[in-house]
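Read off the chains here:
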2 protein chains.
Amino acid sequence: MENAMQGEQYAPTGRTVPTRAPQRASYDKDVVHAILDEGWVCHLGFVRGNAPVVLPTIYARVGERLYLHGSTGSRPMRAAGAVGGEEPGMPVCVTVTHVDGVVLARSAFHHSVNYRSVVVHGTAHQVTDPQERRMALDALVDHVVPGRSAQSRPANKKELAATAVVRVDLTEVSAKIRTGGVNDEPEDLDLPHWAGVLPLRKGYEAPLPDEGLADGTELPPHITAVLT
Amino acid sequence: MENAMQGEQYAPTGRTVPTRAPQRASYDKDVVHAILDEGWVCHLGFVRGNAPVVLPTIYARVGERLYLHGSTGSRPMRAAGAVGGEEPGMPVCVTVTHVDGVVLARSAFHHSVNYRSVVVHGTAHQVTDPQERRMALDALVDHVVPGRSAQSRPANKKELAATAVVRVDLTEVSAKIRTGGVNDEPEDLDLPHWAGVLPLRKGYEAPLPDEGLADGTELPPHITAVLT
């Protein structure tokens, strides 16, 4: 990982230094941001009654913060103190994973997966400032389809009141990346088994327009832009 | 959810009955199994020092059990008691999510995601029986590419010794599913914004054969079968 061109780094901690395959870990902010910005579904972990809970949810990154949202009635949002009262924050782990391909080795043991993941350890805090809430909600929509928030009806008072927004600061963060091909043992290279990588398909299929759209409604540029 | 044809169900518990959108929840074993069998990457949650940890990892379902594996040196495997000593088990949450599409509504508030997820609450126990370990490791390979374990070199003694296997029984389990189109408010239907669903692409791109393969090596049927 020696690199004169290395950019700004997150400080490694006991939780973010892996016990194995440390060469796959990165604390580079640009690397972490790129992984976070490519996805929009994370797995949010929190603790409830001494047991872990992991739920999929949408996120957006704005600078060194992640924003998540949910119904004010949902368990993690209530636990994060997002609804009323004092706000101690909730310990969370937010994990984002891109699965890029299956690595098929000649040996069962060396089968692997190409992936890029980011693990964020932190505390979820409610966002109460109306301006920050608006900004975060726009970011959540725009993170999935850039420019979309300006091309839809903004939330009204009732909808805003029903929506909890939490933020998690990016301080204790690491990425883990596996790329490339097959790592078989030298003595296995002549085995007759097919070996290689099956890359996973990415992106969108053709859009399915809502039946209620006016005849002749064309796909707007902010949508065609994500379909490439 | 009334259905005369309803199959066997998991018993709902306080943890598996959602606080919102209960119409999206299912406890049907066939529904749960189908979601689990379509994927092979889960997000494993566990608790470490009162804080949650969420890591992506491979899984396989065999009947009413999930199997996960890892290096004997990895944190979750050690915490699950997979390496030596007494074995109390480790509380875990295993979540599998398929993201099927983005739902773009005329209103920002009604933007949504089509998804199918399964959340398993349970305890990870180490697997020590040699036969069950072999079976589980084959299942982990075959879950990604059916038939692959028979088409690769089985793990040798050293590799087996380096691999921890844990199982999680499927008892406290639920699925959550969002399908279909846009749910806009009636008063928003005449707004000029494009609305509809962007389905996500699934499956594999063309395989990348390992450079060391003998000239003329063809793709075997167990691989072409997953490329459709």
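The residue count restarts for each chain, going from 1 along the sequence in the order it is written. Naming scheme: in the order in which they are written, chains are lettered from A and ligands are numbered from 1. The predicted nature of this model means local features are confined to residues of pLDDT at least 70 and side-chain atom pairs, given and counted, to a pLDDT of 80 or more, with totals for whole chains, interfaces and linings taken over all residues. The side-chain numbers reported here are obtained from all heavy atoms of the structure, hydrogens and water having been left aside.

- Chain A carries the name Pyridoxamine 5'-phosphate oxidase family protein in an unreviewed UniProt entry, which gives Streptomyces fragilis as its organism.

A look at the interface of chain A and chain B
Item 1. Between chain A and chain B, the residue contacts involve 87 residues of the former and 86 residues of the latter.
Item 2. Put simply, buried area is the surface a 1.4 Å probe can reach on two separate parts but cannot reach once they are joined, added for both. Carbon and sulfur atoms make up 64% of the surface buried where chain A meets chain B, a total of about 7,100 Å² over both sides.
Item 3. Taken as a group, Arg-153, Trp-194 and Arg-201 of chain A account for 11% of the area that chain A buries against chain B, more than any other trio of residues on that side.
Item 4. Between Lys or Arg on one side and Asp or Glu on the other, a salt bridge is scored when a side-chain nitrogen of the former is within 4 Å of a carboxyl oxygen of the latter. Our count for the contact surface shared by chain A and chain B stands at four salt bridges.
Item 5. With its nearest N and O atoms 2.8 Å apart, the salt bridge here joins Arg-106 of chain A to Asp-210 of chain B.
Item 6. Any pair of nitrogen or oxygen atoms within 3.5 Å is treated as a polar contact; in protein, a donor-acceptor pairing is required on top of that, and neighbouring residues in sequence qualify only through side-chain atoms on both sides. Across the contact surface, chain A and chain B share 33 residue pairs in polar contact (both at pLDDT 80 or more).
Item 7. Contributions of two or more residues to the side of chain A that touches chain B are made by strand E2 (41–48), strand E3 (51–62), helix H2 (75–79), strand E5 (90–104), strand E6 (112–126), helix H3 (130–144), strand E9 (196–199) and strand E10 (208–209) of chain A.
Item 8. Sorting elements by how many residues they give to the side of chain A that touches chain B places E5 of chain A first, with eight residues. Two residues form a contact once any of their heavy atoms are found within 4.5 Å. By the criteria applied, helices consist of DSSP H or I runs no shorter than four residues and strands consist of E runs no shorter than two, each listed in order from the N terminus.

Here we look at helix H1 (residues 29–38) of chain A
Residues and elements named next belong to chain A.
Item 1. Buried within H1 are the following residues: Lys-29, Val-32, His-33, Ile-35 and Leu-36. Taken around the axis of H1, the buried residues stretch over an arc of 165°, which confines them to a single face.
Item 2. N-cap assignment for H1: the residue whose side-chain oxygen lies 2.9 Å from the backbone N of Asp-30 is Asp-28. Three labels apply to residues, based on accessible area from a 1.4 Å probe with only protein chains included: buried if under 20% of the type maximum, exposed if over 50%, partly exposed otherwise in between. Note that the arc is defined by the directions from the helix axis to the C-beta atoms.

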